[in-house]
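Now for the letters of each chain:
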Amino acid sequence: MSSYDLIVIGAGPGGYVCAIRAAQLGLKVAVVEGRATLGGTCLNVGCIPSKALLHASHMYHEAGHNFEKMGLMGELPAIDWTVMQGYKAETVETNTKGIEFLFKKNKIDWIKGWGVIEGPGKVKVGDETHDAKNIAIATGSEPSPLKGVEVDNDAGVIVDSTGALVLAKIPETMVVIGAGVIGLELGSVYARLGTKVTVIEYLDAITPGMDADIQKQFQRTLTKQGLTFVLGAAVQSATAKDGQATVTYKLRKDDSEQQVEADVVLLATGRRPFLNGLGLEAAGVALTDRGQVAIDDHWRTNVPGIYAIGDAVAGPMLAHKAEDEGIAAAEVIAGKAGHVNYDVIPGVIYTSPEVASVGLTEAAAKETGRKVKVGKFPFMGNARAKALFQGDGFVKIIADADTDRVLGCHIIGPNAGEMIHEVCVAMEFGASAEDIAMTCHAHPTTSEAVREAALALGGGAIHV
Ligand code: NAI
């Protein structure tokens, strides 16, 4: 039996970052992780492998659609799915090994196995119980099931996001259930590789919660890329037979029942906290009515010395939100003032073009009752974007009409996931749109479009 200042359960972005920060602050730290490699969902079966496939499929798409326009003549490269899978696996491996290196560097013990909280300060892994002054629950999330849809990742016909990363071959047809982030990222991967992708979504718009202008433009762009959308449709069931799937859905407008067949069905209707077998009930840790670990504003559960962060608690299920909470919780545990600004957490969808947002949507800003102004700039007016064949899309900044303070920003366009951070920093500093507009931006960059949107909120954009 060993004794620690902090045992973190789960080595995803929330857990491993929490452990490193705690170790940097001088605490003796261990992380319990049952997977064969560190990094959790994000590194192993989420953000990182999907980004590898998005990159590879984007390159293929560019070769097929834009190379000739630039004088790069020749045949379309053939897809070797096995090699592409190998590239993805190698990308994952270098990252998970990187976390192992960071653990060694920071003298963090990796306790291999699945942890059970036996009570305050006690974590059982296998036959051994480890003592800790503090415990941080960072166990992440798992795909939510949908009634009538039986996922079998091994069979590879009805799969979730994990199964969709390791399909035996590129399917000819795919139905994606849910037009959220996972459905659209992975749907894009296969559409670019030649799969006929149909996305079935319950709501009347894709990407719930996003700014309405972005939703419309994004759907238009993805439709141009070959994805088919069936909106306002509730999936009732998906069944597999002889390697083929049948999806049954009901159109909300007239309640009519429809069916569609596909080689593969991807279930992407959300995720839920992964807390199975953790012993929370016996340990007396309270949950919210949505099944998340209940915490206060310092990531403390109701049981003294037990903290929780990341997808296991409320808030957006994003790796970087979990990381921020991990750092803040470690600081609180070490007696410092940890803080997360939940108003400035960017969200990015890594399709092409990328979609990125931070802060309030136009509708949400108006709902607060304040006077709101909107500055928009199309990438068609941005020289760099046009050279990249990415003139579709725009930057939209929402500001308070009275104070000019930036309240939110929504971008669909090239490098959106990188550009959003300039607005995040501006918002952290309580900047006005004029502050962004008066900041010199290098030319030619796609970031100039952010400045132009800010200019549109004042004296007017230049290149429109
Ligand atoms: P989501 O919550 O983003 O979207 C699920 C969609 O499924 C919703 O639009 C919902 O209306 C729809 N839906 C639910 N039931 C349905 C039914 N019976 N029939 C048709 N449609 C139905 O969930 P998703 O895409 O599974 O992602 C889960 C989490 O993972 C999210 O919190 C997301 O933010 C996170 N994630 C983030 C990524 C990123 O930041 N790039 C990448 C991947 C995941």
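Calculation rules
Residues numbered from 1 in each chain as written. Predicted model: local features only at pLDDT ≥ 70, side-chain atom pairs only at ≥ 80, totals over all residues. Heavy atoms only, no water. Buried < 20%, exposed > 50% of the residue type's maximum accessible area, 1.4 Å probe, protein only. Helix = DSSP H or I, 4+ residues; strand = E, 2+ residues; numbered from the N terminus. Contact = heavy atoms within 4.5 Å. Pairing = 2+ DSSP bridges. Right-handed = clockwise from strand over helix to strand, strands pointing away. Axes fitted to C-alpha atoms, helices over the stretch in contact; angles between N-to-C directions. Core = buried A, V, L, I, M, F, W, Y, C linked by side-chain atoms within 4.5 Å. Near = heavy atom within 4 Å. Polar contact = N/O pair within 3.5 Å; in protein donor to acceptor, adjacent residues only side chain to side chain. Areas by Shrake-Rupley, 256 points an atom, 1.4 Å probe, with all protein chains shown as cover.

### A short note on helix α14 (residues 448-456)
Right, so step 1: Among the nine residues that make up α14, seven are buried, leaving the element largely enclosed by the rest of the structure.
Right, so step 2: Taken as a whole, α14 has its buried residues at Glu448, Ala449, Val450, Glu452, Ala453, Ala454 and Leu455.
Right, so step 3: Looking at the buried residues of α14, the elements they touch are β20 (372-378), β21 (394-400), β22 (406-413), α12 (416-428) and α13 (433-437).

### Let's talk about the pairing of strand β10 (residues 196-200)
As a general feature of sheets, a regular strand has side chains that alternate between the two faces.
Right, so step 1: Taken across its five residues, β10 has four buried, putting it largely inside the fold.
Right, so step 2: Relative to β10, strand β9 (residues 173-177) runs parallel, the two being bridged by five bridges. In the sheet register, Ile177 faces β10, and the bridge partner there is Ile200.
Right, so step 3: Between the parallel pair β9 and β10, the chain is carried across by helix α6 (residues 181-192), and the sense of this crossover is right-handed.
Right, so step 4: Summarising the sheet, β10 and strand β11 (residues 228-230) pair through three bridges and their orientation is parallel. Paired with Thr198 across the strands is Thr228, a residue of β11.

### Considering the sheet that holds strand β8 (residues 158-159)
Right, so step 1: Overall, parallel pairing links the five strands, which are arranged β8-β15-β9-β10-β11 in an open sheet. Either end of the sheet is taken by a strand with one partner, and the two such strands are β8 and β11.
Right, so step 2: Bridge analysis of β8 against strand β15 (residues 264-267) gives two bridges, and the strand direction is parallel. Among the inter-strand pairings, Val159 is bridged to a residue of β15, identified as Leu266.
Right, so step 3: Sheet strands in contact with α6 are β9, β10, β11 and β15, and its direction is about 165° off that of β10.

### Quick word on the pairing of strand β19 (residues 354-359)
Right, so step 1: Examined bridge by bridge, strand β18 (residues 347-349) and β19 share three bridges and lie antiparallel to one another. Bridge pairing in β19 places Ile349 opposite Val355.
Right, so step 2: Between the antiparallel neighbours β18 and β19 lie four residues.

### Quick notes on the nonpolar core
Right, so step 1: Counting residues in each nonpolar core, the largest one holds 36 residues, and the members touching the most others are Leu184, Val197, Val199 and Phe218.
Right, so step 2: Leu184 has contacts with Ala179, Val199, Ile206, Thr207, Phe218, Leu222, Phe229 and Thr351, leaving out every residue within four places of it along the chain.
Right, so step 3: Counting residues in each nonpolar core, the second largest holds 32 residues, with Val8, Val17, Ile20 and Ile309 among its members.

### Section: the site of the ligand
Right, so step 1: Not every one of the 23 residues close to the ligand is listed here, only the nearest: Ile182, Glu185, Glu201, Gly270 and Val348.
Right, so step 2: The backbone of Val181 places a nitrogen or oxygen atom 3.2 Å from an oxygen atom of the ligand.
Right, so step 3: Ala268 places a main-chain nitrogen or oxygen 3.4 Å from an oxygen atom of the ligand.
Right, so step 4: Alone, the ligand offers 850 Å² of accessible surface; in the complex the protein occludes 78% of this.
Right, so step 5: Of all the elements in the fold, those that place two or more residues in the shell around the ligand are α6 and β12 (233-241).

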